[in-house]
Amino acid sequence: MRLRNVPNAHEKLAACVNYISDPQSFKGRWNEYFKNDNPIYMEIGSGKGQFIIRLASENPDINYIALEKSPVVLLHLIKKIPSEGLGNLAVISFDAGKLEEIFESGEINRLYLNFSDPWPKKRHAKRRLTSPGFLRLYKKVLKPGSFIEFKTDNRVFFDYSLGEFRSSGYNLIKATYDLYNSDFLEGNIPTEYEIKFHNMGVPINKLFAVYDMDNLKEEESKIDLQTQE
Ligand SMILES: C[S@@+](CC[C@H](N)C(=O)[O-])C[C@H]1O[C@@H](n2cnc3c(N)ncnc32)[C@H](O)[C@@H]1O
């Protein structure tokens, strides 16, 4: 996503009640920020925020974190938040490579990776959000039994990611090369990139992976698996 530089982007973000300028200070105590013990679901690379803001608006009993490294991109996201704010949303400008600085082990209950940059060149492979280093890192902050949901328009990146999830010890619950013609489209919330590619006729790929299947809660497996049958 190419966007022009905006001077004082961080100061502008600070005017939003949902923006957190010092996420390190909440490590291990995100429940204090949200003022409840509800589960925390996080999108990494939230972009302009359509997906996470709709989820947060529709599911008040779940807490959401929008994590995006570009403060300029987040200026677009915060415009979509209602003026009174959303009590179950935290917006963070941060690099996912440093997740352990802001989360304690097991603090996150679900991860969404939507249309992550594919970084096609081999020398940039470590930057892919589904590369082995990132998949190891996610295990350090995810609660055992948690889901990762990944969507992309890029078939090569998707096939690479399927392999990396498998070899990193995640359980692949379900995957499709064509979400819009699959039996688990119901409840899908599209992102900005998804709408663009879908309207161009590009098939959307999606996978659900679980970190530590043995700890998957009965309730949770029912909810997710039902939508895929
Ligand atoms: C291609 S955009 C997709 C945006 C949105 N998820 C969508 O589907 O419309 C990828 C986003 O991921 C962000 N991103 C890439 N690497 C990141 C990282 N290591 N940590 C946090 N955000 C990252 C980029 O800044 C960009 O906004």
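Remember, it's a predicted structure, so these values are computed and weren't measured experimentally.

**Student:** A description of the overall build of the protein should follow, citing residues and the corresponding values.
**Tutor:** Within the protein, the regular secondary structure consists of 8 helices and 7 strands. Taken over the C-alpha trace, the protein has a radius of gyration of 17 Å; the compact-globule value for 229 residues is 17 Å, and the two agree within 12%. In terms of overall dimensions, the protein has C-alpha extents of about 40 × 40 × 35 Å along its principal axes. Scored against the burial criterion, the 229 residues of the protein give a buried share of 35%. Partitioning the contacts of the protein with sequence separation of at least 6, the portion at a separation of at least 24 is 77%.

**Student:** If you had to explain the pairing of strand 3 (residues 89-93) to someone new, which residues and values would you point to?
**Tutor:** Most of strand 3 sits out of view: 5 of its 5 residues are buried. Because side chains alternate across strand 3, one face comprises the buried residues Leu89, Val91 and Ser93, and the other comprises Ala90 and Ile92, equally buried.

**Student:** Lay out the nonpolar core with the relevant residues and their values.
**Tutor:** Counting residues in hydrophobic clusters, the biggest one holds 48 residues, and the most contacted among them are Met42, Ile65, Ala66, Val91, Leu111, Tyr138 and Ile148. Top contributing element to this core by residue count: strand 7 (residues 205-211), with 5 residues. Dropping the residues within four chain positions of it, Ala66 is found in contact with Glu43, Ser46, Gly49, Ile52, Leu77, Leu89, Val91 and Ile92.

**Student:** Explain the site of the ligand residue by residue, including any values.
**Tutor:** In the vicinity of the ligand, 21 residues are found, and the nearest of them are Gly45, Gly47, Ala96, Phe115 and Thr191. Those elements giving two or more residues to the shell around the ligand turn out to be strand 2 (63-68) and helix 7 (192-199).

**Student:** Can you break down the pairing of strand 4 (residues 108-114) residue by residue, with the values?
**Tutor:** Of all the 7 residues making up strand 4, 5 are buried; the element is thus mostly covered by neighbouring parts of the structure. Pairing between strand 1 (residues 40-44) and strand 4: 4 bridges, direction parallel. Paired with Ile44 across the strands is Leu113, a residue of strand 4. This β-α-β element, strand 4 to helix 5 (residues 132-141) to strand 5 (residues 142-152), shows right-handed connectivity.

**Student:** I'd love a proper account of the sheet that holds strand 2, names of residues and values included.
**Tutor:** Pairing is mixed across the open sheet formed by 7 strands, whose spatial order is 3-2-1-4-5-7-6. In the strand order of this sheet, the two ends are held by strand 3 and strand 6 (171-176), each with one partner. Taking each pair of neighbouring strands and ignoring which way they run, the sheet shows an average axis angle of 15°. Together, strand 1, strand 2, strand 3 and strand 4 form the strand contacts of helix 3 (residues 50-58), whose direction differs from that of strand 2 by roughly 170°. Against the sheet, helix 5 makes contact with strand 4, strand 5 and strand 7, and its axis sits at roughly 140° relative to strand 5, the strand it touches most.

**Student:** Mind laying out unusual backbone geometry, listing which residues take part and the relevant values?
**Tutor:** The phi angle at Phe115 is positive, at roughly 55°, despite the residue not being glycine. With respect to the secondary-structure elements, Phe115 resides in the loop between strand 4 and helix 5. Since 22 C-beta atoms lie within 10 Å of it, Phe115 is described here as buried. Its identity is not glycine, yet Trp119 carries a phi of approximately 40°, on the positive side. Along the chain, Trp119 turns up in the loop between strand 4 and helix 5. Of the residues examined, Trp119 has 15 C-beta atoms within 10 Å and is grouped as partly exposed.

**Student:** Tell me about the confidence of the model for the protein, residues and numbers included.
**Tutor:** As a note on interpretation, predicted positions should not be read in detail where pLDDT is low. The predicted model of the protein has a mean per-residue pLDDT of 93, with 93% of residues at 70 or higher. The low-confidence segment residues 225-229 (pLDDT under 50) makes 7 contacts with residues lying over four places distant or belonging to another chain.

**Student:** Go over the environment of Ser182 with me, naming the residues and quoting the values.
**Tutor:** Here Ser182 shows up in the loop between strand 6 and helix 7. Classification of Ser182 by C-beta neighbours within 10 Å gives partly exposed; the count is 18.

**Student:** Before we move on, can you summarise helix 6 (residues 155-167) with the specific residues and values?
**Tutor:** Over its 13 residues, helix 6 runs 18 Å from end to end, which matches the ideal 18 Å to within 8%, given 1.5 Å per residue. Inspection of helix 6 places Phe157, Phe158, Ser161 and Phe165 among the buried residues, and these make up the whole buried set. Down the axis, helix 6 shows its buried residues gathered within 95° of arc, on one side only. Exposed and oriented more than 90 degrees from the buried face of helix 6 are Arg155, Val156, Gly163, Arg166 and Ser167. As for helix 6, its buried residues are in contact with helix 5, strand 5, strand 6 and strand 7. One or two positions beyond helix 6, positive phi appears at Gly169, with a value near 90°.

Definitions and limits used
Residues numbered from 1 in each chain as written. Predicted model: local features only at pLDDT ≥ 70, side-chain atom pairs only at ≥ 80, totals over all residues. Helix = DSSP H or I, 4+ residues; strand = E, 2+ residues; numbered from the N terminus. Rg over C-alpha atoms; globule rule 2.2 N^0.38 Å. Buried ≥ 20, exposed ≤ 12 C-beta atoms within 10 Å, placed from the backbone. Contact = placed C-beta atoms within 7 Å. Core = buried A, V, L, I, M, F, W, Y, C linked by C-beta atoms within 7 Å. Near = placed C-beta within 6 Å. Pairing = 2+ DSSP bridges. Right-handed = clockwise from strand over helix to strand, strands pointing away. Axes fitted to C-alpha atoms, helices over the stretch in contact; angles between N-to-C directions. pLDDT = per-residue confidence, 0-100. Expected span 1.5 Å × (residues − 1). Arc of directions from axis to C-beta.

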